Amino acid sequence: MKSHRDTIYLEDAEILAHQAFEGDPYTLRVRAPEIANHAKAGSFAHISCDPQRPMRRPISIMRVTPQSGEVEFLYKAFGAGTALLAKRQVGETLSILGPIGRPFELHDNRPRPLLIGGGVGMPPMVFVADELRQQHPDFSPFMILGSEVPFPFSSQPSEFIIPGMPEGVVASMPLMEDWNIPCRLASTQGYVGCFEGYVTDLARLWLDALTAEQRQQVEIFTCGPHPMLEAVAKLASEYSLPCQVSLEEFMACAVGGCAGCVVEVQTDNGPTMQRVCVDGPVFDASRVFS
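Structure report, in brief. Being a predicted model, the structure only gives us computed values, none of them experimental. (Residues numbered from 1 in each chain as written. Predicted model: local features only at pLDDT ≥ 70, side-chain atom pairs only at ≥ 80, totals over all residues. Heavy atoms only, no water.)

Side note on the pairing of strand β3 (residues 44-47)
Where we set the bar: Using a 1.4 Å probe on the protein chains alone, a residue whose accessible area is under 20% of its type maximum counts as buried, one over 50% counts as exposed, and one in between counts as partly exposed. In DSSP terms, a helix is any run of H or I states spanning at least four residues, a strand is any run of E spanning at least two, and both are numbered starting from the N terminus. Think of it this way: DSSP has to see at least two bridges between two strands before they count as a pair.
Taking every second residue as pointing to the same face, both faces of β3 are buried, with Phe44 and His46 on one and Ala45 and Ile47 on the other. Pairing of β3 with strand β4 (residues 57-65), which is carried by four bridges, proceeds in the antiparallel orientation. Bridged to Ala45 within β4 is Ile59. Where β3 lies against strand β6 (residues 93-100), three bridges are found, and the strand directions are antiparallel.

So, in structure tokens, the structure goes:
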């Protein structure tokens, strides 16, 4: 049950690429071979942003390339620590602890996964998609990404026809198109080609377009702001679908020692407090949003 705690590494990671996007999201690519070799979808890393800030920051892993030892992150600069991280340059070194946390679990009896990512909750969904294309090429995933600021990539019209999509909702993440994974974008900001509304509204349209047999093959995977996760969990319950959520919480140690990131989780023996960092960050949605 706790085997994921035995593969946490401390690495001095060289920054290979660091790119800013409108709205202050950043993509960060580093060389960290041990983390790249052991991370799974849902894992995160605890990053020392700058020597001026001794407290590390937890950031979800978006993608790994074990062959080259590279790890990619997406984060938003909204606090003092991540603002300092945003100033770090290619060629500099970051102290990174990882991979940390319980990952998502893919199930063979649910070959139609629905991936829903919002804001900085998008990276774990990209990681799940990467695992799906490599380990489960026979699965039929659908990804929905939502953002209220410009997306950290240039969207492109999708080549995939997806049941239930309104006319004109064609915007997709280019990486998903390259991976042959159907994807649509949602926002309330009027971005061209995006669904005008919440990710759960778009997910409902897709679910309603499936047959009853197809819906029985769906499992939902999601990460994003707390209100979005709560709404996705409610949607999953309404359709009687299993749902795994990756929680985002402030953390101090990120390795289970401080218990500063605990949440109430419903268990067979009643409610208990569990640590998001090592007991999660991935939980059964019905256990945390009852």
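Additional details are given in the paragraphs that follow.
What to know about unusual backbone geometry
Gly98 connects to Pro99 through a cis peptide bond whose omega is -10 degrees. Tracing the sequence through the fold places Pro99 in strand β6. With omega at 10 degrees, the peptide bond leading from Gly280 into Pro281 counts as cis. Take Pro281: it is sitting in the loop between β16 (270-275) and β17 (282-284). One non-glycine residue with positive phi stands out, namely Ala259, at about 60 degrees. A relative accessible area of 41% means that Ala259 is categorised as partly exposed.

Considerations on the sheet that holds strand β1 (residues 9-20)
As a reminder of what qualifies: Whenever a helix is involved, its axis is fitted only over the stretch in contact; in every case the axis is a line through C-alpha atoms, and angles between N-to-C directions fall within 0 to 180 degrees.
An order of β1-β2-β5-β4-β3-β6 is seen for the six strands of this closed barrel, with the pairing classed as antiparallel. On average, each strand axis in the sheet is inclined to that of its neighbour by 45 degrees, with strand direction left out of account. Bridge analysis of β1 against strand β2 (residues 25-31) gives six bridges, and the strand direction is antiparallel. When the bridges of β2 are listed, Ile15 appears paired with Val30.

Describing the nonpolar core
Filter applied, for reference: Among the buried residues, those of types Ala, Val, Leu, Ile, Met, Phe, Trp, Tyr and Cys that are joined through side-chain atoms within 4.5 Å form a nonpolar core.
In terms of nonpolar packing, the biggest core is built from 51 residues, with Val30, Val71, Phe73, Ile96, Leu145 and Met176 touching the most fellow members. In terms of residues, this core owes the most to one element, helix α3 (residues 122-135), which gives seven residues. One finds Ile162, Leu235, Met251 and Val263 within the second-largest nonpolar core, a separate group that totals 43 residues.

Description of the state of the cysteines
Spelled out, the test is: Here, the term disulfide refers to a pair of cysteine sulfur atoms separated by no more than 2.5 Å.
One pass over the full model with this rule turns up zero disulfides. Left without a disulfide partner, Cys258 is nearest to the cysteine sulfur of Cys253, which lies 3.7 Å away. Residue Cys258 is classed as partly exposed on the basis of its relative accessible area, which comes to 38%.

Regarding the packing of aromatic side chains
Cut-off, in case you're wondering: Centres within 6.5 Å are what make two rings of Phe, Tyr or Trp a pair, Trp counting through its six-membered ring; a difference in plane orientation under 30 degrees is then read as stacked, over 60 as edge-to-face, and the rest as tilted.
This structure, assessed with the given rule, holds five aromatic pairs. Here Phe104 and Phe221 contribute two aromatic rings whose centre-to-centre distance is 5.7 Å and whose plane-to-plane angle is 70 degrees, an arrangement assigned as edge-to-face. Within this pair, whereas Phe104 is found in the loop between β6 and β7 (114-118), its partner Phe221 is found in strand β13 (residues 220-223), the two being separated by 117 residues in sequence. Like Phe104, the residue Phe221 is buried in the burial classification. On the basis of an interplanar angle of 40 degrees and a centroid distance of 5.3 Å, the ring pair of Phe142 and Trp206 is categorised as tilted. Here Trp206 lies in helix α5 (residues 199-209) and Phe142 lies in strand β8 (residues 142-146), a separation of 64 residues in the sequence. Grouping residues by exposure puts Phe142 and Trp206 together as buried. Counting every residue linked through ring pairs, the aromatic cluster contains Phe151, Phe153 and Tyr191.

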